[in-house]
Amino acid sequence: MHTFTVIVPCYNEEETVPIFYEEIIKNDPFFREKELEPEFLFIDDGSRDGTVAQVRALHERDPRVHLISFSRNFGKEAAMYAGLQNARGEYVVIMDVDLQDPPSLLPDMFAALEEGYDSVATRRVTRKGEPPIRSLFARLFYRIMRKISQTEMMDGARDYRLMTRQMVDAILSMGEYNRFTKGIFGWVGFKTKWLEYENVDRSAGSTKWSFWKLFKYSIEGMTAFSTAPLVFSSVIGVTFCILAFVMVIFIIVRKLLFGDPVSGWPSMVCIILFISGIQFFCTGILGQYMAKTYMEVKARPIYLKDEKNCF
Ligand code: UDP
Ligand code: MG
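Residues numbered from 1 in each chain as written. Chains lettered and ligands numbered in written order. Predicted model: local features only at pLDDT ≥ 70, side-chain atom pairs only at ≥ 80, totals over all residues. Heavy atoms only, no water.

Digging into the site of ligand 1
Alright, step 1. Taken together, 17 residues surround ligand 1, and among them Glu 13, Asp 45, Asp 98, Gln 100 and Lys 208 come closest.
Alright, step 2. Between Tyr 11 and ligand 1, the recorded distance is 2.9 Å, taken from a backbone N or O atom to an oxygen atom.
Alright, step 3. One of the side-chain N or O atoms of Asp 98 is found 2.6 Å from an oxygen atom in ligand 1.
Alright, step 4. Burial of ligand 1 by the protein chains amounts to 92% of its free accessible area of 530 Å².
Alright, step 5. Its atoms largely coinciding with the cavity grid, ligand 1 occupies the largest pocket.
Alright, step 6. Here the residues of the shell around ligand 1 sort into five nonpolar, four polar and eight charged. (Near = heavy atom within 4 Å. Polar contact = N/O pair within 3.5 Å; in protein donor to acceptor, adjacent residues only side chain to side chain. Areas by Shrake-Rupley, 256 points an atom, 1.4 Å probe, with all protein chains shown as cover. 1 Å grid on protein atoms, 1.4 Å probe; cavity = no way out; pocket = protein on both sides within 12 Å on 5 of 7 lines; lining within 4 Å. Sits in = over half its atoms within 2 Å of the grid points. Nonpolar A, V, L, I, M, F, W, Y, C, P; charged D, E, K, R; others polar.)

A few points about empty space enclosed by the protein
Alright, step 1. Following the criterion strictly, the structure yields one cavity of 30 Å³ or more and no others.
Alright, step 2. In this structure, the largest cavity occupies an estimated 30 Å³ of space.
Alright, step 3. Lining the largest cavity are Glu 77, Met 80, Tyr 81, Leu 84, Ile 171, Arg 179 and Thr 181.
Alright, step 4. Here the lining of the largest cavity gets four residues from one element, more than from any other, and that element is helix H4 (residues 76-86). (Points joined across faces, edges and corners; volume = space filled by probe spheres on them. Helix = DSSP H or I, 4+ residues; strand = E, 2+ residues; numbered from the N terminus.)

Concerning unusual backbone geometry
Residues apart from glycine generally show negative phi values, whereas peptide bonds are mostly found in trans.
Alright, step 1. The phi angle at Phe 190 is positive, at roughly 70 degrees, despite the residue not being glycine.
Alright, step 2. Tracing the sequence through the fold places Phe 190 in the loop between helix H8 (181-188) and strand E7 (192-197).
Alright, step 3. One non-glycine residue, Ala 299, lies in positive phi territory at about 50 degrees.
Alright, step 4. With respect to the element layout, Ala 299 can be found in the segment after helix H11 (265-298).

A look at the sheet that holds strand E5 (residues 119-124)
Backbone hydrogen bonds hold the strands of a sheet together, and the pairing may be parallel or antiparallel.
Alright, step 1. Taken together, seven strands build an open sheet; the order of strands is E3-E2-E1-E4-E6-E5-E7 and the sheet is mixed. Two strands close off the open sheet at either side, each with one partner strand: strand E3 (65-69) and E7. The sheet shows a mean angle of 20 degrees between the axes of neighbouring strands, direction not considered.
Alright, step 2. Bridging between strand E1 (residues 2-10) and strand E2 (residues 36-44) involves nine bridges; their strand directions are parallel. Bridging from a neighbouring strand, Thr 5 pairs with Glu 39 of E2.
Alright, step 3. Along the sheet, helix H1 (residues 16-24) makes contact with E1, E2 and E3, crossing E1 at roughly 155 degrees.
Alright, step 4. Where helix H3 (residues 51-61) meets the sheet, it contacts E1, E2 and E3, and its direction lies at approximately 150 degrees from that of E3. (Pairing = 2+ DSSP bridges. Axes fitted to C-alpha atoms, helices over the stretch in contact; angles between N-to-C directions. Contact = heavy atoms within 4.5 Å.)

Concerning the side chain of Thr 122
Alright, step 1. Here Thr 122 shows up in strand E5.
Alright, step 2. A polar side-chain atom of Thr 122 sits 3.0 Å from the main-chain carbonyl oxygen of Tyr 160.
Alright, step 3. Those residues in contact with Thr 122, other than ones at most four positions away along the chain, are Leu 105, Met 109, Gly 156, Ala 157, Arg 158, Tyr 160, Trp 194, Leu 195 and Tyr 197.

Side note on helix H10 (residues 228-258)
Alright, step 1. Taking 1.5 Å per residue as the helical rise, H10 with its 31 residues ought to reach 45 Å, and the 44 Å between its terminal C-alpha atoms agrees with that figure.
Alright, step 2. Burial in H10 covers these residues: Pro 229, Ser 233 and Ile 236.
Alright, step 3. Lining the buried residues of H10 we find helix H6 (132-148) and H11.
Alright, step 4. Looking one or two places after H10, you find Gly 259, whose phi comes out positive at around 75 degrees. (Expected span 1.5 Å × (residues − 1). Buried < 20%, exposed > 50% of the residue type's maximum accessible area, 1.4 Å probe, protein only.)

A word on the pairing of strand E4 (residues 91-94)
Alright, step 1. The side-chain alternation of E4 yields two buried faces, one formed by Tyr 91 and Val 93 and the other by Val 92 and Ile 94.
Alright, step 2. The sheet contact formed by E1 and E4 spans four bridges and is parallel. In the sheet register, Phe 4 faces E4, and the bridge partner there is Tyr 91.
Alright, step 3. Pairing of E4 with strand E6 (residues 157-164), which is carried by four bridges, proceeds in the antiparallel orientation. In the strand pairing of E6, Ile 94 is matched with Arg 161.

Quick look at the coordination of the magnesium ion (ligand 2)
Alright, step 1. All of the protein donors around the magnesium ion (ligand 2) are Asp 98 (OD) and Gln 100 (OE1); their distances to the metal are 1.8 to 1.9 Å.
Alright, step 2. On the accessibility criterion, Asp 98 (4% relative accessible area) is buried. (Donors = N, O, S within 2.8 Å, 3.2 Å for Na, K, Ca; no water.)

Here's the deal with the environment of Ser 206
Alright, step 1. Mapped onto the secondary structure, Ser 206 falls in the loop between E7 and helix H9 (211-225).
Alright, step 2. What makes Ser 206 partly exposed here is its relative accessible area of 49%.

A short note on the packing of H4 against helix H7 (residues 165-172)
Alright, step 1. Running from N to C, H4 and H7 cross one another at 125 degrees; their axes reach a closest spacing of 10 Å. The angle between H4 and H7 falls in the class oblique. Two packed elements cross with a definite hand, and for H4 against H7 that hand is left-handed. Where H4 approaches H7, its residues Tyr 81, Leu 84 and Gln 85 are matched on the opposing element by Val 168, Ile 171 and Leu 172.
Alright, step 2. Broken down by class, the residue content of the contact of H4 with H7 amounts to five nonpolar, one polar and no charged. (Parallel < 35°, antiparallel > 145°, perpendicular 65-115°, else oblique. Left-handed = near helix turned anticlockwise from the far one by under 90°.)

In short, shape yes, function no, at least from these values alone.
Dropping the structure here:
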């Protein structure tokens, strides 16, 4: 009998928790058939609504439901980490509570593990139901990331993923503070099978990711899994040095051949503005990495538990 842990990060999801539970227990025959003992580990990421009460009610009904509650909102990354740390299963799956990660895929995913894969990941091939501007930026992000990072990252990859214990332990061994799980999954390696499915709309409630939150998350991803922006800023620096050198020669030659009537003030201002702009931009990139290093060095805990746990 192996334990099968389902990790469910929740943030203000009182409406979707009961719907999710009804849906996930439809897999009970599958669990029985494969002799798996499921545990449903809800991570409450500092919700301010009735999420905790909902999960506790489920715990009363079904002791397989567990709850870990955070002292405040630490973000989905922290919730997933807490889930992985506290999962007791030989097999572990991470799943959204809004049913955008269909629980009905579990049997197919498990079949792949039986074939010998270490992890089964999912990606959605469509982004229907998502604002176009968001899809555009998401596509752009993955295209850039594929170029600048050595880690494999799939467009449309979800966090919905079933893993064996050895992969979970590998992920837990990466204790970094700035977590970007999509990159971490790729970084640890292991044999991964990709399942594709059509995007599903949320069962209820609304998305917890604002455009700004996603934008910051993408910067997180870039700095966490690539140092290419640093190289990029050095390249700009060198290019401008060469350009300046050519200009110097040009001006000297012009002075010697034609004399120098005082002119060119506007173009000078443009050049100064442009170059100082680039300088600030590059300092900004540097600052991003420094800020990340600063947070890493502080080694703060990734999440803090509240007392309201049912385990
Ligand atoms: N979530 C979380 N903490 C957060 C934001 C989201 O635990 O700070 C959870 C949320 O409850 C859901 C999952 O992460 O189970 C995905 O969030 P959401 O559905 O809002 O994102 P989307 O599917 O729109 O990308
Ligand atoms: Mg969702």
